[in-house]
Amino acid sequence: MAGQDPALSTSHPFYDVARHGILQVAGDDHFGRRVVTFSCCRMPPSHELNHGRLLEYLKYTLDQYVKNDYTIVYFHYGLNSRNKPSLGWLQSAYKEFDRKYKKNLQALYVVHPTNFIRVLWNIFRPLISHKFGKKVTYVNCLSELREHLKCDQLLIPPEVLRYDEKLRSLHQGQPPPAAKTPPPRPPLPTQQFGVSLQYLRDKNHGELIPPVLRSTVTYLREKGLRTEGLFRRNYSGKIYNLGKPVNFDDYGDIHVPAVILKTFLRELPQPLLTFEAYEQILGITGVESSLRVGHCRQILRGLPEHNHAVLSYLMGFLHAVSRESIFNKMNSSNLACVFGLNLIWPSQGVSSLSALVPLNLFTELLIEYYEKVFVAQEAPSAAGAGKQGGPVAKGNAADRCAAGHATSIPPPSPPTAARRHR
């Protein structure tokens, strides 16, 4: 099986890259030459992988073998828009691999090539020597690769094996095999994205609010509340997952911490509102308008205490953002359109278009009525609070999102400190 080498130590100089199992050295070809494999399916999303470090790791590994003849097998399956390096990186990588690396490279096998590979080859053709080009062989299936290599010695990722089997089944007119989920990879000791709230709590001495969330919210509270279009824009740079302190002032762009905040929520293994609450939240549109705030409170009572604390912290911040909507144009409805699908999604598949209406409405209620939803204890008159506060009309959050309009919502009274008690 492909994956992390069980003997790999966290003291490895490139542990942050090597742990993914992207690069493997195993087996020989029919001429006795060492084989190095590169598996795209093992590459995590770009914000979790420093591609500069990946390039250094490639050179570090190849330096151990380039004095003798060697072969590279490139498994293309698994490269997608989320983990694909930029064309600029590919160009600089080719230039980095000078004659020392190319001289003794005897063969480069590209397994399961796509049109993207062929287009890429045409783009880089002026940079590639004719001699090097003759070393490249396209391999459409693993059975073809076996004609050149001892495949039983290679560490071929299970994902590649299944994809190859699927291609063969389709070619033979048979239904493809059922997909299997690969085992999760162990997190980095300092990993901040893609790990559970409990993992982050354990790594941060019991602190409930994850460091990424606290640092981005603190920075945006101080410097970004009046930034027009906050959370609307994307950031084209890389977000590295090394767990090191970040000085957002170095980026010169207030939208960087905003994107990091959204990415952190989206990369949680389980949504902050949990899979269990998904169906309950979808039912919010069927609740009478005056009762919706109370219904939100009821749903949140079922959350784990840790999730509730983090959600309260986040909603308090978004409530503060909405109060500055005259400047930033981000009222509770607009914020709900941005954050709804980052807070909740189904355990299987993706949310349907029809699900956007209740998901965004629920998120808008949490932001707009933050004080009433996250109140410490419900006051005796709270039963009529919904009628006095007037929750938004049925379905309006998602309807406004779909229409692309930002309605003006009067800012509510300043938020009070609210903590959950049981």
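None of these values were measured; they are calculated from a predicted model.

### A closer look at the packing of aromatic side chains
Inspection of the entire model under this criterion finds nine aromatic pairs. When the centroid spacing of 5.9 Å and the interplanar angle of 40° are considered together, the rings of F14 and Y57 count as tilted. Of this pair, F14 sits in the segment before α1 (15–18) while Y57 sits in helix α2 (residues 51–62); the two residues are 43 residues apart in sequence, bridging distant segments of the chain. Ring plane angle 75° and centroid distance 4.8 Å describe the contact between F231 and F339, whose orientation is recorded as edge-to-face. A residue pair is termed long-range when its members are at least 10 positions apart, and F231 in the loop between α10 (211–223) and α11 (255–266) and F339 in helix α16 (residues 332–343) qualify at 108 residues. The exposure class assigned to F231 is buried, which follows from its relative accessible area of 1%.

### As for the packing of α16 against helix α17 (residues 356–368)
With their axes 8 Å apart at the nearest point, α16 and α17 run at an angle of 120° to one another. Crossing hand, α16 versus α17: right-handed. Contacts from S332, S333, L335, A336, C337, F339, G340, L341 and L343 in α16 reach L356, L359, N360, T363, E364, I367 and E368 in α17.

### Focus on the side chain of E324
With respect to the helices, strands and loops of the structure, E324 is situated in the loop between α14 (305–323) and α15 (325–328). A distance of 3.0 Å separates the side chain of E324 from the side chain of R226, its partner in a polar contact. With near-sequence residues (within four places) excluded, E324 lies in contact with L225 and R226.

### Quick notes on the pattern of salt bridges
With the rule as written, the count across this model stands at nine salt bridges. For E159, the salt bridge identified is with R42, shortest N-O distance 3.3 Å. A residue pair is termed long-range when its members are at least 10 positions apart, and E159 in helix α8 (residues 158–171) and R42 in the loop between β2 (34–39) and α2 qualify at 117 residues. Here D249 makes a salt bridge to K223, at a shortest N to O gap of 3.0 Å. Pair noted here: D249 is in the loop between α10 and α11 and K223 is in helix α10, with a separation of 26 residues, a long-range link. Judged by relative accessible area, which is 42%, D249 ranks as partly exposed.

### A look at α11
Over its twelve residues, α11 extends 17 Å from the first C-alpha to the last, a length consistent with the 16 Å expected when each residue adds 1.5 Å. The buried fraction of α11 amounts to eleven of the twelve residues, a majority that puts the element mostly inside the structure. All buried positions along α11 are accounted for by H255, V256, P257, A258, V259, I260, L261, K262, T263, F264 and L265. Residues of α11 that are buried make contact with α9 (197–203), α10, α14 and α16.

### Some details on the pairing of β2
Summarising burial for β2: five of the six residues are buried, a large majority. The pairing of β2 with strand β3 (residues 70–75) spans six bridges and is parallel. Looking at the pairing, T37 lines up with V73 of β3. Regarding the hand of the β-α-β motif, the stretch spanning β2, α2 and β3 is right-handed.

### What about the nonpolar core?
Core analysis: the biggest nonpolar cluster contains 58 residues, and F231 and M315 have the highest contact counts within it. The element that contributes the greatest number of residues to this core is α14, accounting for seven residues. Apart from residues lying up to four places away in sequence, M315 is in contact with L343, L366, I367, Y370 and F374. Within the second largest apolar cluster, 30 residues are counted, among which are L49, L54, L58 and L105.

### What about the packing of helix α13 (residues 292–300) against α17?
For any two helices packed against each other, one specifies the inter-axial angle together with the distance between the axes. Contact geometry of α13 with α17 gives a least axis separation of 10 Å together with a crossing angle of 95°. Viewed along their axes, α13 and α17 adopt a mutual orientation that is roughly perpendicular. In this structure, α13 contributes R292, C296, I299 and L300 to the contact, and α17 contributes L361, F362, L365 and L366.

### Topic: empty space enclosed by the protein
Taken as a whole and judged by the stated rule, the model has two cavities of 30 Å³ or more. In this model, the largest cavity occupies a volume close to 930 Å³. Considering the residues around the largest cavity, the lining is formed by 33 residues, among which Y74, L90, Y94, L108 and F132 are closest to the centre. Elements represented by at least two residues in the lining of the largest cavity include exactly β2, α2, β3, α3 (87–96), α4 (99–102), β4 (105–111), α5 (115–124) and β5 (136–139). Of the residues forming the lining of the largest cavity, the biggest block, five residues, is contributed by α5. Residue composition of the lining of the largest cavity, by class: 31 nonpolar, no polar and two charged.

### Here's the deal with α2
Taking 1.5 Å as the rise per residue, α2 with twelve residues should run 16 Å; its terminal C-alpha atoms sit 16 Å apart, in good agreement. Among all positions in α2, only H51, L54, L55, Y57, L58, K59, T61 and L62 are buried. For α2, the side-chain oxygen to backbone nitrogen distance between the N-cap and G52 is 2.9 Å, and the N-cap itself is N50.

Reading guide: rules and limits
- Each chain has its residues counted from 1, running along the sequence as written.
- This being a predicted model, a pLDDT of at least 70 is required before a residue's local features are given, and a value of 80 or more before pairs of side-chain atoms are given or counted; all residues contribute to the totals for chains, interfaces and linings.
- As a rule here, side-chain values come from all non-hydrogen atoms in the structure, and water together with hydrogens is ignored.
- Note on ring pairs: Phe, Tyr and Trp rings are taken, using the six-membered ring of Trp, and paired if centres are within 6.5 Å. Classes follow the plane angle, with under 30 degrees stacked, over 60 edge-to-face and the rest tilted.
- We count a stretch as a helix when DSSP gives it H or I for four or more residues in a row; a strand needs E for two or more, and each element gets its number in order from the N terminus.
- Categorising residues by exposure relies on relative accessible area from a 1.4 Å probe, with only protein chains included: less than 20% of the type maximum marks a residue as buried, more than 50% marks it as exposed, and the intermediate range marks it as partly exposed.
- Throughout, an axis means a line fitted to C-alpha atoms (over the contacting stretch in the case of helices), and angles, computed between N-to-C directions, take values from 0 to 180 degrees.
- Each crossing is labelled by how the near helix is turned from the far one, with a counterclockwise turn of less than a right angle marking it left-handed and a clockwise turn marking it right-handed.
- We call two residues contacting when some pair of their heavy atoms lies within 4.5 Å.
- Polar contact is defined as a pair of N or O atoms within 3.5 Å, subject to the rule that within protein one atom must be able to donate a hydrogen and the other to accept it, and that residues adjacent in sequence are counted only when both atoms are side-chain atoms.
- In the sections that follow, a salt bridge refers to a side-chain nitrogen of Lys or Arg positioned within 4 Å of a carboxyl oxygen of Asp or Glu.
- Expected span, for any helix, means 1.5 Å times one less than how many residues it has.
- Pairing between strands is defined by DSSP: at least two bridges between them are needed.
- Seen with its strands pointing away from the viewer, a crossover is right-handed when the path leading from the first strand over the helix to the second is clockwise.
- Residues belong to a common nonpolar core when they are buried Ala, Val, Leu, Ile, Met, Phe, Trp, Tyr or Cys residues joined through side-chain atoms within 4.5 Å.
- If an angle is under 35 degrees, it is roughly parallel; if it is over 145, roughly antiparallel; if it lies from 65 to 115, roughly perpendicular; otherwise it is oblique.
- Only protein atoms enter the 1 Å grid, on which a cavity is a set of points fitting a 1.4 Å probe that cannot get out and a pocket is an open set with protein on both sides within 12 Å along at least 5 of 7 lines, lining residues being those with an atom within 4 Å of a point.
- Grid points are joined across faces, edges and corners, and a volume is the space filled by probe spheres set on the points.
- Side-chain classes are defined by residue name, with Ala, Val, Leu, Ile, Met, Phe, Trp, Tyr, Cys and Pro counting as nonpolar, Asp, Glu, Lys and Arg as charged, and the others, Gly among them, as polar.

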